[in-house]
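One letter stands for each residue in the lines below.
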Amino acid sequence: MKLLKAIELSMISIVVFSENYSSSSWCLDELVKILECRNNGQLVLPIFYKVNPSEIRKQKGKFGVALTQHEENLKDSMEKVQRWRTALTKATDLSGLHYKEGYTESETQFIQRIIKEILGTKLKRTQLFVTKHPVGIDSRVDAIELLLDMKSNDVRMVGIHGLGGVGKTTIAKAIYNRIANCFELSCFLEDVREKSGTNDDIIKLQEMLLSNISQGTYVKVDSVPKGIIMIKERLCRTRLLLILDNVDESEMMVNLLGECNWFTLGSRVIITTRDKQVLTTFGKDHQNYELEELNQFESHELFNLYAFQKIEPEKDYSEVAEQIIHYANGLPLALKIIGSDLCGKSVCEWKSALEKYKNIPHEKIQEKLKISYDGLGKTEKDIFLDIACFFKGFNRSYVESILEACKLYPGYGIGKLIDKCLITVGQSGNLWMHDLLQQMGREIVQQESEKLGKRSRIWCFEDAYEILTTNMGSSKIRGIKCYSPQLIMMPIEAKAFEKMKYLKFLMVRNVHICEELTYLPNGLTLLQWPEFPFSLPSNYYPQQLVALEMPRSLIRLETTFKLGVQLKYLKYIDFNRCEFITDLPELCAPNLEKMDLSYCQNLVKVNESVGFLDKLRIWKLQSCRKLQFLPNNLRLKSLEQFLLKDCLRLEKFPNIDPEMKCLRELNLRGSGIRELPSSIKHLTRLSSLDLQDCKNLRYLPDDIYKLQLLIELYIPTAKLRQTCDYLDGFSSYGFLMLDFLSFRGNKNIIELDFLMKPEYFPSLKSLDLCATNIVSIPESLSRFTTLEILDIGDCKQLREIPRLPQSVQIVDVSNSCSLNPQPSSRLLNQIGEFLGIFPNKGCKGTRSRISMDPQTSSTDILDEVRSYHSVLPDMGSKPEDDYFIIRLPGTEIPKWLKLNHESDGNVISFWVGRTFPNIFDVCFAFGLVKYSWTSSCYVCLSINGLEKESLLSTPTYEFSDHLWIFSLSNKKLQDQLNKSNPSEQNYVEVTCEMEDWVKNHPRRWGVRVECICCSQKSDVIQLPSPSATPSCGSSSAPLLPTSSCGTDMDQWAFNNGGESRHRPRRNHRPPPYARRPQKHYLSHFGWLRIRFRLWKRSSRPTRIPTATLKCRALIRELEEIGPRSFNNGEEDSGLSMAHTFVNDCSNPKLCPPSK
């Protein structure tokens, strides 16, 4: 302990690596401590004495041998050995001195060189204080060090940007301390923004920089231009580390760096800033690092260290501490300030402080965050406050359109806010900002006036209620957001908005009024009021309106869209479910982009003018059941999505102008359309055409093949012409991009041999023939090399299924009960090949044929499939992105799954190591409950207390009396483990969530996982015994005696409800070679879902059926000629499988003599 304390108090540590260094655990512990101290600024100089640094880095030779020996001696402390290995690797990356065997330099001279190195360079550099508690610093410094590429001899420049208080300066200091000794000279200029207010201040900064790079000699600068020239002269002489902290203007970069090509080779420059735009001065060759907030674990650790002076919180404080950490949202500044303020105070004081912080930001945090806001121009400040008060989480394009009408130029302004790290844009294009930045913006608005009516923005429901019910409004108010948490009746006066002449945004939800409004400001750009109970005031002219969103309201369009009124700003209309709309009148809205009139039950007619809206991109009219008349001609040049689903009375589709080339999706599902115009050929970019349930549609137009970019095509009722012109078109063109083709429910489909040719559909992945009258699947289907999904369920006339292509992954044959025995058997053979149960001896590209008794039933074969699963050879680890899902009839979890954790509750837990197990299977047994069509089952996973993440979800309305089995991508699970700050032991919880768990929960569910709490180690794969070793939350399963035969075999092969008449003994232990959990046999074959009626519950056999014996005999024949040997030891009879061995050539001692 004294030695470790001495290391902590040292300025510099010299580590001498000799060939026997790693054999000493003391030396290795000291090295770990030294590198920890290095992160706090201690200098470290490695000396490689007669040992090659690469041998240490790669841990070979004596270093590798010693570490292996440590691992054997410390089997219970493997984490410690891993720390030693990491420390050795890091140490070799440091700049040090190497003394080789046979040097002409004597050891004395070498020691003198070490002393000179320390005195000459190392100790002259003053280390910078980083922070009291350096939490989360190492990983970020490592990432930036990678960008700096210290081994490269070119000039590297890295910019660190992020919001205020995120720790940019702290990280920059830590980097300086770590790498400064690698350079001849170094300089850290702190808080450049604060020190560059005047011309004299800039000159002082130049003098500080010049003095630092002149080895401490004071340099006088007369003017800024002269200072730039002097800096240029010195930068080109010396290999330099230069860090400029908190730079907010590009001009300052020029004053201190001049041109970025002035630096000597090997130099490194680091800039920290809140404004990403500043970094463009570097040019295109620089690297940017966005510093993000702390994660959940780091936040807890940092806050606890300041609030409790230790990592773990006090027990009584844990709940309120969690709320405060959530409030800080990973911002180190907030965690540090609040933690320090609350240290030593009572729980009551903590709770009171938290309530205060939620309403009034902490002054020190507010002051720090407000710096970026103060640097904005007036329009950018307005944009920031509008987003903070109204538009956080809204789509960027939508917000820009609204603010553009307010003359705020958001195209530039929002970009400026992003550069300054005040807002971010999510992957879906929505605007976001840190919670504390939002609170800061709202606090700025609250400080405008103590009177509500004098503030520019109202966003709190209580404030909005007071303003609107007491007539307190004024011309100062720019926007009102009145979102009631529940539906209320608000007593708003008819003239409540009369004083708010400059109101731009009115956003109301869950509010009903009893008096019709007589006034709305004409300057509104956003009007959002769902379920508005009246029409808009007759004197309201929406000339400035950008978005009109009034779904489920009683609005009448004849008063809203007055004849001749130009709506040049209007872009978004939402009248979803407005039952009073009967006609869509003339619209003078040249910039309209999105119009939603879906579920307007009484809409009959659309005005001709709507067919010429050049900017309209999205038009929704689905479920307008009385709609009869669309414009006769459509010239919607920008239209991308046109939805007419369930428009039952719409019989005629308009003519399409040749200029209408942008349409990608046309949905006519369930409409009354009788024919499609020949002009549909002009929709050359159409990718999805849905004609499902169009019962009046007789034929598809002959030119349908000209839609070359179609990806999805639904043809459920129309007949396919077999004319020469039609087929010649297909043979000349085909659907080169078609991915999904559906004939679902099309009773006109009897045979498809004339159409289903590979050259017509070279990209087809999914073919849906469900509920058609097809008799035989075309033979040509076996040549479709891209086909993955084939749905032939409910095909009552289906008799023949040919060979399927090698690419097929999902097959649905449910309720196709007319299959002849031979095609049924052939299909099951292929299923066996898919699952890896029967070897594939066919030619490449098709599944091989395996002759089987045509009388063999699906029950017998699938029973055998599941029985044989237990004796499969080890298929190896599944690919990173592999997963599969199966749904089968059944009420009991099959024992062949060998689940080691089962539950009838909603949580299963287990422990894993640093690597998530490759085997992770989940099975649910749903009972006879009739689930509602809205019910769903959600499976979530949490590791080490981290927030739950959804793994998979599925509707359960078809799951009565079914099993649901799935296995997920190992990569996804490992990624989640990596985010949880993993250790050698990591706690995992799998949660099942269903609505009304008490009534709807599955009968039972479980997990099969190679967890560290269930140690089942062996070198041989488990044989087909139903035994399961109880472990860690799993329940004991019945075990079979070694002399098990037909009845018992049937019980464990696939338990599908009902009790066997023969109960196997519970305490029989499986042989020692049968305890290793094998990998799932689907793991090499991706996602394979097969829907098939397995058996009738009333006909479960109580003995081994003849067909099963035939199938088993066939399998034995295949084994003898297959690439792998399956040697069956026979004791009592040829049927016994209790002592079956698997020979994978890995351990010949375990295999009996083969026949």
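Below, the structure is looked at part by part. (Residues numbered from 1 in each chain as written. Predicted model: local features only at pLDDT ≥ 70, side-chain atom pairs only at ≥ 80, totals over all residues. Heavy atoms only, no water.)

1. Points about the overall build of the chain
Moving on, step 1. When helices and strands are counted, the chain shows 29 helices and 40 strands.
Moving on, step 2. Taking all 1155 residues of the chain together, the buried fraction comes to 53%.
Moving on, step 3. For the chain, restricting intrachain contacts to residue pairs at least 6 apart in sequence, the fraction spanning at least 24 positions comes to 63%.
Moving on, step 4. Counting only carbon and sulfur atoms, one obtains 49% of the accessible surface of the chain, whose full area is about 52400 Å². (Helix = DSSP H or I, 4+ residues; strand = E, 2+ residues; numbered from the N terminus. Buried < 20%, exposed > 50% of the residue type's maximum accessible area, 1.4 Å probe, protein only. Contact = heavy atoms within 4.5 Å. Areas by Shrake-Rupley, 256 points an atom, 1.4 Å probe, with all protein chains shown as cover.)

2. Re the sheet that holds strand E3 (residues 97-99)
Moving on, step 1. Taken in spatial order, the three strands line up as E1-E2-E3 in an open sheet, and their pairing is parallel. Edge positions in the open sheet fall to strand E1 (12-17) and E3, since each of these has one partner strand only. With direction set aside, neighbouring strand axes in the sheet form an average angle of 15°.
Moving on, step 2. Strand direction decides the pairing type here: strand E2 (residues 43-49) and E3, joined by three bridges, are parallel. (Pairing = 2+ DSSP bridges. Axes fitted to C-alpha atoms, helices over the stretch in contact; angles between N-to-C directions.)

3. Overview of the pattern of salt bridges
Moving on, step 1. Applying the stated criterion across every chain yields a total of 40 salt bridges.
Moving on, step 2. Measuring nitrogen to oxygen at the nearest pair gives 3.5 Å for the salt bridge that ties Asp 275 to Lys 420. Highlighted residues: Asp 275 in the loop between strand E7 (268-273) and strand E8 (287-290) and Lys 420 in the loop between helix H19 (410-419) and strand E9 (424-425), separated in sequence by 145 residues.
Moving on, step 3. Overall, the relative accessible area of 11% leaves Lys 420 in the buried class. (Salt bridge = Lys/Arg side-chain N within 4 Å of Asp/Glu carboxyl O.)

4. Brief notes about the packing of aromatic side chains
Moving on, step 1. Evaluated as defined, the whole model comprises 31 aromatic pairs.
Moving on, step 2. On the basis of an interplanar angle of 10° and a centroid distance of 5.5 Å, the ring pair of Phe 17 and Phe 48 is categorised as stacked. Here Phe 48 lies in strand E2 and Phe 17 lies in strand E1, a separation of 31 residues in the sequence.
Moving on, step 3. A residue is classified by how much of its surface remains accessible, and Phe 17, at 0% relative accessible area, is buried.
Moving on, step 4. On the basis of relative accessible area, Phe 48 is assigned to the buried category, the value being 4%. (Phe/Tyr/Trp six-rings, centres within 6.5 Å; stacked < 30°, edge-to-face > 60°.)

5. Description of the sheet that holds strand E4 (residues 156-161)
Moving on, step 1. Spatially, five strands are ordered E5-E6-E7-E4-E8 in an open sheet, and the strand pairing comes out parallel. Each of the sheet's edge strands pairs with one partner strand only, and the pair in question is strand E5 (185-189) and E8. Neighbour to neighbour, the strand axes of the sheet diverge by 10° on average, direction disregarded.
Moving on, step 2. Note that E5 and strand E6 (residues 240-244) share five bridges and pair parallel. For Leu 185, the partnering residue across the bridge sits in E6 and is Leu 240.
Moving on, step 3. Helix-sheet contacts for helix H9 (residues 199-212) involve E5 and E6, and the interaxial angle to E5 is about 155°.

6. Here's the deal with the nonpolar core
Moving on, step 1. One finds Ile 480, Phe 575, Trp 619 and Phe 642 to be the most contacted residues of the largest nonpolar core, which totals 112 residues.
Moving on, step 2. At the level of elements, helix H21 (461-469), strand E12 (479-490) and strand E13 (505-513) are the ones that each hand at least two residues to this core.
Moving on, step 3. With sequence-adjacent residues up to four places away left out, Phe 642 is seen in contact with Trp 619, Leu 621, Leu 630, Leu 634, Phe 653, Leu 663, Glu 665, Leu 666 and Asn 667.
Moving on, step 4. Core analysis: the next-biggest nonpolar cluster, separate from the first, contains 89 residues, Val 320, Ile 387, Leu 422 and Met 433 among them. (Core = buried A, V, L, I, M, F, W, Y, C linked by side-chain atoms within 4.5 Å.)

7. Quick word on H9
Because an α-helix completes one turn every 3.6 residues, residues spaced three or four positions apart along the sequence face the same direction.
Moving on, step 1. Across its 14 residues, H9 extends 20 Å between first and last C-alpha, which sits within 8% of the 20 Å expected from 1.5 Å per residue.
Moving on, step 2. Within H9 the residues assigned to the buried category are Ile 202, Ile 203, Leu 205, Gln 206, Glu 207, Leu 209, Leu 210 and Ser 211.
Moving on, step 3. Summarising the contacts, the buried residues of H9 are in contact with E5, helix H10 (224-235), E6 and helix H11 (250-257). (Expected span 1.5 Å × (residues − 1).)

8. Thoughts on unusual backbone geometry
Moving on, step 1. Residues other than glycine seldom take positive phi values, yet Arg 577 does so here, at roughly 60°.
Moving on, step 2. When you line up the elements, Arg 577 lands in the loop between strand E16 (572-574) and strand E17 (583-584).
Moving on, step 3. A positive phi angle, near 65°, is found at Ser 623, a position not held by glycine.
Moving on, step 4. Note on placement: Ser 623 falls in the loop between strand E20 (618-620) and strand E21 (633-634).
Moving on, step 5. When its relative accessible area of 4% is taken as the criterion, Ser 623 is described as buried.

9. Some words on helix H20 (residues 435-446)
Moving on, step 1. With twelve residues, H20 should cover 16 Å at 1.5 Å per step; its first-to-last C-alpha distance of 16 Å lies within 8% of that length.
Moving on, step 2. Among the twelve residues that make up H20, nine are buried, leaving the element largely enclosed by the rest of the structure.
Moving on, step 3. Taken residue by residue, H20 has Leu 436, Leu 437, Gln 438, Gln 439, Met 440, Gly 441, Glu 443, Ile 444 and Val 445 as its buried positions.
Moving on, step 4. Among the structural elements, helix H13 (318-328), helix H14 (332-342), helix H15 (347-359), helix H16 (363-374), helix H17 (378-391) and strand E11 (457-458) are those in contact with the buried residues of H20.

10. Quick look at the packing of helix H7 (residues 137-148) against helix H8 (residues 168-179)
Moving on, step 1. In contact at an axis separation of 10 Å, H7 and H8 are set at 65° when each is read in the N-to-C sense. The chirality of how H7 crosses H8 is right-handed. Residues Ile 137, Asp 138, Arg 140, Val 141, Asp 142, Ile 144, Glu 145 and Leu 148 of H7 form the contact with H8, whose own contacting residues are Thr 170, Ile 171, Ala 174, Ile 175, Arg 178 and Ile 179.
Moving on, step 2. Its residues assigned to classes, the contact of H7 with H8 comprises eight nonpolar, one polar and five charged. (Left-handed = near helix turned anticlockwise from the far one by under 90°. Nonpolar A, V, L, I, M, F, W, Y, C, P; charged D, E, K, R; others polar.)

11. Remarks on the side chain of Lys 33
Moving on, step 1. The residue Lys 33 is located in helix H2 (residues 25-38) in this model.
Moving on, step 2. Excluding anything up to four places from it in sequence, Lys 33 contacts Leu 4, Ile 7 and Glu 8.

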